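Below are the chains, spelled out letter by letter.
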Protein chains: 2
Amino acid sequence: MPSTTYPQAAIDKMLAAIQFDTQGLVPAIAQQRGSGEVLMMAWMDRNAVVETMRTGRVCYWSRSRQAAWRKGDTSGHIQELVELRVDCDGDTLLVEVEQAGVACHTGRHNYFFLGIRDGELTEIAPIEVDMASIGKD
Amino acid sequence: MPSTTYPQAAIDKMLAAIQFDTQGLVPAIAQQRGSGEVLMMAWMDRNAVVETMRTGRVCYWSRSRQAAWRKGDTSGHIQELVELRVDCDGDTLLVEVEQAGVACHTGRHNYFFLGIRDGELTEIAPIEVDMASIGKD
């Protein structure tokens, strides 16, 4: 399935609906199409929203690197855009994606692999990919 | 199915893994068990994490009201805790829940009901409940 792209007029309408925070960022939840798996939450700035909608490749703003982050550029584990939605008060995005490979830089399929088991914080998902061999991103 | 509660020792381990932001908050994504529907994203402070894990009723911190927010106290649309997970760098929570009624104060089942259709920002989910009749929360 080809990734979804949006015309500039639609991008402008989405931007107008988003309430960016005081740092110019909005949280974006990436969810796998079909399975509904929540892959990750990261942040988008205005430019990341525009790039994501214009190109169909999901982009974020890396707060740790303070840089634009086109997911998968290093690892090849890209996210193709299926649909971008915004919530009722405009302060959170839901990004429906088609994830290539794994979402997490630890090699797990999603970021949320820490849960309580037998009273201990435990890794509950397997490492699927040795990310050291392909480069993190 | 009864909601999940955690003993104090497990709560302490979860708290130690969470990186609260400079305002003492962490984003929490609520996902419906089974369907995988992403219902909402809201914020938890330390006390909301404790209350959620101790009681099995999902609680947040309302930034707009600057008050503790036990989801559903007004509307009856409570969230029962199934599992609380934290992501790899500790700065986002995934809360698997059993949602009673609807999650959104607009009466829609989830918050993310605005998407682009025919180039326009469009409400893509129906209003299921007249919230005016039961009280928002």
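Anything mentioned here points back to the structure above.
### Observations regarding the relation of the copies chain A and chain B
- With an RMSD of 0.0 Å, the fit of chain A onto chain B corresponds to turning through 180° and sliding 0.0 Å along the axis. Overall, the copies show the geometry of a two-fold rotation axis. In terms of proximity to the rotation axis, the leading residue of chain A is A:Gly36, whose C-alpha is 2.4 Å off the axis.
- Take the interface residues of chain A: 100% of them recur as interface residues in chain B, which is what a same-surface contact looks like.

### Details of the pattern of salt bridges
- According to the stated counting rule, one finds 18 salt bridges over all chains in the structure shown.
- In this structure, A:Lys13 and B:Glu120 form a salt bridge, with 3.0 Å as the shortest nitrogen-oxygen distance. Of this pair, A:Lys13 sits in helix α1 (residues 8–17) while B:Glu120 is found in strand β8 (residues 120–123), placing the two residues in two different chains.
- A salt bridge links B:Arg70 to B:Glu51; the nearest nitrogen and oxygen atoms lie 2.9 Å apart. One end of the pair, B:Arg70, is in strand β4 (residues 67–70); the other, B:Glu51, is in helix α2 (residues 46–55), with 19 residues separating them in the sequence.
- In this structure B:Arg70 comes out as partly exposed when scored by relative accessible area, which is 29%.
- Residue class for B:Glu51 comes out buried when judged on its relative accessible area of 15%.
- Within this structure, A:Glu51, A:Arg54, A:Arg57, A:Arg70 and A:Asp73 form a network of salt bridges that share partners.

### Considering the pairing of strand β5 (residues 79–86) of chain A
- Here β5(A) lies mainly inside the structure; seven of its eight residues are buried.
- The hairpin formed by β5(A) and strand β6 (residues 93–99) of chain A contains six residues between the paired strands, and A:Gly90 there has a positive phi angle of roughly 75°.

### A look at α2(B)
- Along α2(B), the residues classified as buried are B:Ala48, B:Val49, B:Val50, B:Glu51, B:Thr52 and B:Met53.
- B:Gly56 sits one or two positions beyond α2(B) and adopts a positive phi of about 80°.

### Points about the packing of α1(A) against helix α2 (residues 46–55) of chain A
Residues and elements named next belong to chain A.
- Where α1 contacts α2, the two axes come as close as 10 Å, and the packing angle between them is 145°. Here α1 runs over α2; the crossing is right-handed. Taken together, the residues of α2 that come into contact with α1 (itself represented by Ala10, Ile11, Met14 and Leu15) are Arg46, Val49, Val50, Met53 and Arg54.
- Classifying every residue of the contact of α1 with α2 by side-chain character gives seven nonpolar, no polar and two charged.

### Observations concerning the interface of chain A and chain B
- Between chain A and chain B, the contact holds 39 residues from the first and 40 residues from the second.
- A combined buried area of about 3000 Å² lies between chain A and chain B, and 66% of that area is made up of carbon and sulfur atoms.
- By the criterion of area lost to chain B, the three top residues of chain A are A:Cys88, A:Phe112 and A:Ile116, representing 20% of everything that side buries.
- Where A:Glu83 meets B:Arg117, a salt bridge forms, and the shortest distance between an N and an O atom there is 2.5 Å.
- On inspection of chain A and its partner chain B, the count reaches 14 residue pairs in polar contact (both at pLDDT 80 or more).
- Elements that contribute at least two residues to the side of chain A that touches chain B include exactly α1, β1 (25–32), β2 (38–45), β5, β6, β7 (114–117) and β8 (120–123) of chain A.
- Of the strand pairs in this sheet, β5(A) and strand β7 (residues 114–117) of chain B are connected by two bridges, and their pairing is antiparallel.

### As for unusual backbone geometry
Residues and elements named next belong to chain A.
- With phi around 50°, Gln66 is a residue other than glycine that occupies positive phi space.
- For Gln66, a relative accessible area of 54% gives the class exposed.
- In this model, Asp118 sits at a positive phi of 50°, which is unusual for a non-glycine residue.
- Counting through the fold element by element, Asp118 comes out in the loop between β7 and β8.

### Structural notes on the packing of aromatic side chains
- Applying the stated criterion across every chain, the model contains two aromatic pairs over all chains.
- Their ring planes at 45° and their centres at 5.2 Å tell us that B:Tyr60 and B:Trp69 sit as a pair that is tilted. Residue B:Tyr60 shares its accessibility class with B:Trp69, and that shared class is buried.
- Sitting over the face of the ring of A:Trp69, A:Arg65 holds its NZ or CZ atom 5.6 Å from the ring centroid.

Here is what the cut-offs are and how they apply
Residues numbered from 1 in each chain as written. Chains lettered and ligands numbered in written order. Predicted model: local features only at pLDDT ≥ 70, side-chain atom pairs only at ≥ 80, totals over all residues. Heavy atoms only, no water. Least-squares fit on C-alpha atoms with pLDDT ≥ 70 in both. Contact = heavy atoms within 4.5 Å. Salt bridge = Lys/Arg side-chain N within 4 Å of Asp/Glu carboxyl O. Helix = DSSP H or I, 4+ residues; strand = E, 2+ residues; numbered from the N terminus. Buried < 20%, exposed > 50% of the residue type's maximum accessible area, 1.4 Å probe, protein only. Pairing = 2+ DSSP bridges. Axes fitted to C-alpha atoms, helices over the stretch in contact; angles between N-to-C directions. Left-handed = near helix turned anticlockwise from the far one by under 90°. Nonpolar A, V, L, I, M, F, W, Y, C, P; charged D, E, K, R; others polar. Buried area = accessible area lost by both parts, 1.4 Å probe. Polar contact = N/O pair within 3.5 Å; in protein donor to acceptor, adjacent residues only side chain to side chain. Phe/Tyr/Trp six-rings, centres within 6.5 Å; stacked < 30°, edge-to-face > 60°. Lys NZ or Arg CZ within 6 Å of the ring centre and 35° of its normal.

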